2 protein chains.
Amino acid sequence: MSIYDERINQLRVLMKDKNIDAYIVCTQDFHSSEYVGEYFKEREYLSGFTGSAGTLVITYNKAALWTDGRYYLQAEEQLSVSNIELMKMGQKNVDTIEQYLTKSFKDIIKKSNAVDSSCDNLKKSHYELNKFTIGFDGRTVNNNFVKHLKTKIKLDISIYADEDLVGQVWKDRPLLSAKPVWELDFGYTGRMREEKLEALREEMEKTDSDICVLASLDDIAWLLNLRGNDIQYNPVFLSYMIIDMNHAVLYANEAIFSNKIKEQLELTQIAIKPYNEVYIDIAKIDSNKTVLVDYDKINYRLVHLIPSECKIQNIQNPIVRMKAIKNNIECDNMRKAHLKDGIAVTKFMYWLKTNVGKIEITELNAAKKLEELRANQEGYIGASFAPIMAYGKHGAIVHYCATQESDVKLEKKGFLLSDTGAHYLEGTTDITRTYVLGELQSEEKAAFTLVLRGNLNLASARFKYGITGLHLDILARQPLWENGLDYNHGTGHGVGYVLNVHEGPNCIGWQIKPDKIKDTILEEGMITSNEPGLYLTNEFGIRHENLILCKMLCETEYGKFMGFETLTLVPFDLEGIDKTLLSDREIDWLNKYHQYVYKMLAPYFEGNELKWLQMATKMI
Amino acid sequence: MSIYDERINQLRVLMKDKNIDAYIVCTQDFHSSEYVGEYFKEREYLSGFTGSAGTLVITYNKAALWTDGRYYLQAEEQLSVSNIELMKMGQKNVDTIEQYLTKSFKDIIKKSNAVDSSCDNLKKSHYELNKFTIGFDGRTVNNNFVKHLKTKIKLDISIYADEDLVGQVWKDRPLLSAKPVWELDFGYTGRMREEKLEALREEMEKTDSDICVLASLDDIAWLLNLRGNDIQYNPVFLSYMIIDMNHAVLYANEAIFSNKIKEQLELTQIAIKPYNEVYIDIAKIDSNKTVLVDYDKINYRLVHLIPSECKIQNIQNPIVRMKAIKNNIECDNMRKAHLKDGIAVTKFMYWLKTNVGKIEITELNAAKKLEELRANQEGYIGASFAPIMAYGKHGAIVHYCATQESDVKLEKKGFLLSDTGAHYLEGTTDITRTYVLGELQSEEKAAFTLVLRGNLNLASARFKYGITGLHLDILARQPLWENGLDYNHGTGHGVGYVLNVHEGPNCIGWQIKPDKIKDTILEEGMITSNEPGLYLTNEFGIRHENLILCKMLCETEYGKFMGFETLTLVPFDLEGIDKTLLSDREIDWLNKYHQYVYKMLAPYFEGNELKWLQMATKMI
């Protein structure tokens, strides 16, 4: 029996104690963060699956884990040691969590009826009611999740969300992170904390809200112009906020603030209280108040502690949009960050392509090399997400992360897919390049070029104001769709400013939910990734990713017209391109991009590196 | 005072009688038909505005008419003789009907308060309540319209919908149409009436509905494989239906059915009852029944006569989707209809281009010529909508319809925009061509070519199953958007089979309402128009329109992939094209289309016409 099965069995003992029929372990921390601190990795502790998305469901006799297309292959591998069943979300004939639970509970009813007809009356009283209890830590799920469960499971269920049972099983659990908080200066943020608070209060007024409850860490960090380090890759700190028209309370471990920051917060009328006290204070909100909460970004336990007499404004947290629209200072800084990142990544490309086959390069030491080159840049903070350095068939595993076990040596053939990013004081980067390490098959070149066409077409889009990523997505996919190909992920996500590398509301994809479309209109100042891909399982993966900044180009009698500025400054590997597959316009766009990359990077290159850069950005 | 102002004043007398503060006159007949019979043209009778979309609102001291971008110019002209204010829907700072009514009512309150403070107590009791009555003929609006009114007008309003006040003013009103009904044979419809009824009942079962009420004339005509002629351009007949699992009742003027058709209907268990009796029978539906009604396609009065105890299934009427997905026989017929239409329209193009400047050609006689050429084709039934034959600056009026007054002579210069269509027994066509009558300015050629690029890009789209016209729209607009240009209408609409030339649910446009997206997924067998345009007020208009049939192209491990077959078979006028603006792919698509047009049409052309056809479809 694997350690995971053992841990799950320990949990089952507690479940039986509490009469919980199914226990759900989600990926989230208490803040719906995308990445979570070590303290919160309960799902990983119980299942061994390390992907960034996945939900584990445990009943008395079964366990199953749901994850999406990015993680099918990884999860298959990591779950192979345990008895946990992999549920591939989005695939035909794969039950949803709700369908799975419904079936499990119906099985129990069936068996219990069978037992009834014999003589065992011990457990009967419980099952006779056909009532089932589902448990989870209410701080790790959101309200919509619970609502969905209750709607979809067509049985009488009750919820037990007040305890963290996995925490009781997890003996050697890491402590909650408490890293120091630091300030991001006005020269980087372009907007004072006071001004942001005022803007938030204006938005609260517009929706007749008296109080706003925040639990999303990047929203709090953005609002306060503070950054932390409690979660890997996300420079945020564990906290909550409750804000009304005159006061603001920040719930966090006081030890993480310097005296200077504490003084500054005091000056802005922001009080600091202990992290967990939010669960006490939220229950004390005046019952005649209207409370603005974004059910997508606040945990179930918090929602349920708000006095039931309060009026709830469940709308998109106003900070989401304010934060997504980068101001001019942020945009200028982002350009600087991308220049630094472009220098580092392009030097990496030079190193990689001139050394592969000559010195020992593996996925892991390539990632280390790239990190070193980035760290040489002034203002470097750290990686913005777990680097993907995926050679050959590893490239087809969309969120592959090399480990000592999986690490392979790069040879002078095939592709290296490298999806990495960094935080600098001047902003956050996220770039994917697919490097050609040697001779390619024509099929490989075609794949590389088709994906590149999608990237170029999206980057060059010109569109009317009002358009969303839902409308634009086809530009990136059309070259693949024309050939019966596709990729199983979105085309783009919003990117934070020295914050989460994945942030909303802007995104690019054809499957955006209808009720979210309005929120995803592309505004001037929004930064989104442009990352079409193509993955041939067990063969190779291609992805080309740049960050693109939405700008207004002109206003005519026909309306306002928008377009993108590409921020990322790294050549696409020309050796991967089959020029015959590109249109004249695509060739023109590519050449213009490469000319611009050369112009920006050349001052930082010399000697052989500069000669190589000229070649790498030459007109085709 | 114009006759329109006089008629409105007569209506105001009746309004005062009934204490109605505002009376709304919509365009619809009792069936939400797009085109309406003469009997129903109350809005035109009162305002003089002949457009196919517009709503007239009359208060005691004002009158205003709302219409959309297609009709701004036309309405401006037609309303100029009366005191009716034009409200350009969709433009900034233009009040909606609800805002307009709210303001009007608030004005009354203000004035009434002013009166109060003096001594007139006569009218006080009415206004003191701040309660207002809005009137309209409940048969000419749908339920959503009324719901919207009530939600948006933030005052206490009541509805008076039981009387047709305009009918009482309209002395010389035409009779309700009662044209003979005819049968469309199986060889054309590809599906028997019995089979369609069974399919409808299956859909009713899926939604647990006992009864389905139909008021949309094209749905009824499709279901019964019958056609009529009660409404210009729409081969439908005035009727309603109430269908349960065992019975079906058709409410229509019995005189319009031949004995043969009556016998056949009887054989299929379909009873005929008088047209107006539907308003009696619907009120008698058993209160324990579940009634399927599509609130978008059934009038307010009908909805409100359904016993309130009945359960209502307000969903898209299942026939909408069944009718939109053409079966193989319908598709084959549609190809035949388009061959016939292609022959007629291309012969018209030859006649036009070889005779312009030599013989007297006007908009009206050009339209007549085209109609004659179509009428020469076997199986011709009639025009599928009011032909648009718009020369020069008339082309910029999107739904221009030449009249004796507006008619102009075509000269050997500029563009003739011709948007026309026909019904044949084999199907319905809708085609727009912009003909070059002489030398063009480079700006005109550029406009012609940009719009053509949009048409070619959309026609050549390849996309994954699940995609809608919302996702595809950018393909048609991108060439214009790149140049800060746009057109103020959708890119495409569904087309009926010997039915309404505009039918849903399929359509192409970036502004489709979020809640309708799911219904507009493009299915194999759907036929949609592809008609980007560009309109320069007082200069010229360009539109290129073909009908495109959605087909499944292949199924791969990445999904099902779809594309379009272009049905329309008429050359695009090569003299309008600036080849330097086309990409290689676009040139290739255009050449392939022209080769196909030539191959299909050549057998029907000879002599000079054939030589000309060769030139008109030559490779560029």
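Definitions and limits used
- Residues numbered from 1 in each chain as written.
- Chains lettered and ligands numbered in written order.
- Predicted model: local features only at pLDDT ≥ 70, side-chain atom pairs only at ≥ 80, totals over all residues.
- Heavy atoms only, no water.
- Helix = DSSP H or I, 4+ residues; strand = E, 2+ residues; numbered from the N terminus.
- Rg over C-alpha atoms; globule rule 2.2 N^0.38 Å.
- Buried < 20%, exposed > 50% of the residue type's maximum accessible area, 1.4 Å probe, protein only.
- Contact = heavy atoms within 4.5 Å.
- Areas by Shrake-Rupley, 256 points an atom, 1.4 Å probe, with all protein chains shown as cover.
- Lys, Arg positive; Asp, Glu negative; His and termini not counted.
- Charge placed at Lys NZ, Arg CZ, Asp CG, Glu CD.
- Axes fitted to C-alpha atoms, helices over the stretch in contact; angles between N-to-C directions.
- Parallel < 35°, antiparallel > 145°, perpendicular 65-115°, else oblique.
- Left-handed = near helix turned anticlockwise from the far one by under 90°.
- Buried area = accessible area lost by both parts, 1.4 Å probe.
- Salt bridge = Lys/Arg side-chain N within 4 Å of Asp/Glu carboxyl O.
- Polar contact = N/O pair within 3.5 Å; in protein donor to acceptor, adjacent residues only side chain to side chain.
- Least-squares fit on C-alpha atoms with pLDDT ≥ 70 in both.
- Expected span 1.5 Å × (residues − 1).
- Phe/Tyr/Trp six-rings, centres within 6.5 Å; stacked < 30°, edge-to-face > 60°.
- Pairing = 2+ DSSP bridges.
- Patch = residues over 30% accessible without salt bridge, like charges linked within 9 Å, V, L, I, M, F, W, Y side chains within 5 Å.
- Nonpolar A, V, L, I, M, F, W, Y, C, P; charged D, E, K, R; others polar.

(A) Broad picture of the overall build of chain A. Secondary structure assignment for chain A yields 20 helices and 28 strands. For a compact globule of 620 residues, the expected C-alpha radius of gyration is about 25 Å, and chain A comes in at 26 Å, within 12% of that figure. Dimensions of chain A, computed from the C-alpha atoms along their principal axes, are close to 85 × 60 × 50 Å. Buried positions account for 60% of the 620 residues belonging to chain A. A fraction of 69% describes how many contacts in chain A between residues 6 or more apart in sequence connect residues 24 or more apart. Put simply, chain A shows about 25,400 Å² of open surface, and 49% of that area lies on carbon and sulfur atoms. Between the centroid of the 73 positive side chains of chain A and the centroid of its 87 negative side chains there is a distance of 2 Å.

(B) Representation of the packing of helix H17 (residues 442–459) of chain B against helix H18 (residues 469–481) of chain B in the model. Residue and element names in this part refer to chain B. Direction vectors running N to C along H17 and H18 enclose 160°, while the axes themselves pass 7 Å from each other. Considering the angle they form, H17 stands roughly antiparallel to H18. Note that H17 runs across H18; the crossing there is right-handed. Counted together, Leu-450, Val-451, Arg-453, Gly-454, Asn-457 and Leu-458 of H17 and Leu-472, Leu-475, Ala-476, Pro-479 and Leu-480 of H18 form the full contact between these two elements.

(C) Expanded view of the interface of chain B and chain A. With 32 residues of chain B at the interface, the matching set in chain A holds 31 residues. Taken as a group, His-471, Trp-510 and Tyr-558 of chain B account for 20% of the area that chain B buries against chain A, more than any other trio of residues on that side. Linking chain B to chain A there are 4 salt bridges. For Arg-585 of chain B, the salt bridge is made with Glu-482 of chain A, and the minimal N-O distance between the two is 3.2 Å. Seen at the junction of chain B and chain A, the total is 12 residue pairs in polar contact (both at pLDDT 80 or more).

(D) Examining the relation of the copies chain B and chain A more closely. Rotating chain B by 180° about the axis while translating it 0.1 Å along that axis superimposes it on chain A, leaving an RMSD of 0.1 Å. Expressed as a symmetry operation, the mapping of one chain copy onto the other fits a two-fold axis.

(E) Summary view of helix H15 (residues 328–355) of chain A. Residues and elements named next belong to chain A. With 28 residues, H15 extends 40 Å from end C-alpha to end C-alpha; this agrees with the ideal 40 Å at 1.5 Å per step. Taking burial as the measure, the 28 residues of H15 include 22 buried ones, the bulk of the element. Measuring from the side-chain oxygen of the N-cap residue of H15 to the backbone nitrogen of Ile-329 gives 3.1 Å; that N-cap residue is Asn-327. Note on H15: the residue one or two positions beyond its end, Gly-357, has a positive phi of about 85°.

(F) Representation of the packing of aromatic side chains within the structure. Residues and elements named next belong to chain B. Applying the stated criterion across every chain, the model contains 44 aromatic pairs over all chains. Relative to Trp-170, the ring of Tyr-45 has its centre 4.7 Å away and its plane inclined at 20°; by these criteria the two rings are stacked. Here Trp-170 lies in the loop between helix H7 (165–169) and strand S7 (182–183) and Tyr-45 lies in helix H2 (residues 42–47), a separation of 125 residues in the sequence. Judged by relative accessible area, Tyr-45 falls into the buried class, the value being 12%.

(G) Local environment of the sheet that holds strand S11 (residues 248–251) of chain A. Residue and element names in this part refer to chain A. Reading across the sheet, the 6 strands line up as S12-S11-S10-S8-S13-S14 and stay open at both edges, with mixed pairing between neighbours. The two strands at the open ends of the sheet, each matched to only one other strand, are strand S12 (270–273) and strand S14 (311–314). For this sheet, the mean inter-axis angle between neighbouring strands, taken without regard to orientation, is 20°. Summarising the sheet, strand S8 (residues 211–214) and strand S13 (residues 290–293) pair through 2 bridges and their orientation is parallel. Residue Ile-211 lies in a different strand from S13, and its bridge partner there is Val-291. Helix H10 (residues 217–224) rests against S8, strand S10 (240–244), S11 and S12 of the sheet, and its axis sits at about 55° to S10.

(H) Molecular detail of the environment of Glu-411 of chain A. Residues and elements named next belong to chain A. Within the secondary structure, Glu-411 is located in the loop between strand S16 (388–391) and strand S17 (415–420). The exposure class assigned to Glu-411 is partly exposed, which follows from its relative accessible area of 41%. Between the C-alpha atoms of Glu-411 and Ile-512, which are 101 residues apart in sequence, the distance is 39 Å. Setting aside its immediate chain neighbours within four residues, Glu-411 contacts Val-356, Tyr-391 and Leu-437.

(I) Structural detail: helix H1 (residues 3–18) of chain B. Residues and elements named next belong to chain B. With 16 residues, H1 extends 23 Å from end C-alpha to end C-alpha; this agrees with the ideal 22 Å at 1.5 Å per step. Turning to H1, its buried residues number three or more, namely Tyr-4, Asp-5, Arg-7, Ile-8, Leu-11, Arg-12, Leu-14 and Met-15. On its buried side, H1 packs onto strand S1 (22–25), H2, strand S2 (55–59), strand S3 (63–67) and H7. At the exit of H1 stands Asn-19, carrying a positive phi of roughly 60°.

(J) Inspection of a negative patch on the surface at higher detail. There is a patch of like negative charges on the surface, built from Glu-198, Glu-202, Glu-205 and Asp-208 of chain A. Its place among the elements puts Glu-198 of chain A in helix H9 (residues 193–206).

(K) Structural context of a nonpolar patch on the surface. Taken together, the side chains of Phe-186, Met-192 and Ile-329 of chain A define a hydrophobic patch exposed on the protein surface, amounting to about 250 Å² of accessible area. Mapping Ile-329 of chain A onto the fold places it in helix H15.

(L) Structural detail: the sheet that holds strand S6 (residues 156–160) of chain A. Residue and element names in this part refer to chain A. In spatial order, the strands read S4-S3-S2-S1-S5-S6; together these 6 strands make up an open sheet with mixed pairing. The open sheet terminates on both sides in strands that have one partner only, identified here as strand S4 (85–88) and S6. Direction aside, the axes of adjacent strands within the sheet are offset by 25° on average. When strand S5 (residues 131–135) meets S6, the two strands line up parallel, connected through 5 bridges. Among the inter-strand pairings, Gly-135 is bridged to a residue of S6, identified as Tyr-160. On the sheet, helix H1 (residues 3–17) packs against strand S1 (22–25), strand S2 (55–59) and strand S3 (63–67) and is oriented at approximately 60° with respect to S2.

(M) Looking closely at the packing of helix H15 (residues 328–355) of chain B against helix H16 (residues 363–375) of chain B. All names here are of chain B. H16 packs onto H15 with a crossing angle of 140° between their chain directions and a minimal axis gap of 8 Å. Our classification of the angle between H15 and H16 gives oblique. Crossing hand, H15 versus H16: right-handed. On H16, the residues touching Asp-341, Ala-344, Val-345, Lys-347, Phe-348 and Trp-351 of H15 are Ala-366, Lys-369, Leu-370, Leu-373 and Arg-374. The residue makeup of the contact of H15 with H16, split by class, is 7 nonpolar, no polar and 4 charged.

(N) Fine view of the side chain of Asn-234 of chain B. Residues and elements named next belong to chain B. If you trace the backbone, Asn-234 turns up in the loop between strand S9 (226–227) and strand S10 (240–244). Since its relative accessible area comes to 2%, Asn-234 is described here as buried. There is a polar contact of 3.1 Å between the side chain of Asn-234 and the side chain of Asn-500. The residues touching Asn-234, leaving out its near neighbours within four places in the chain, are Tyr-35, Gly-228 and Asn-500.

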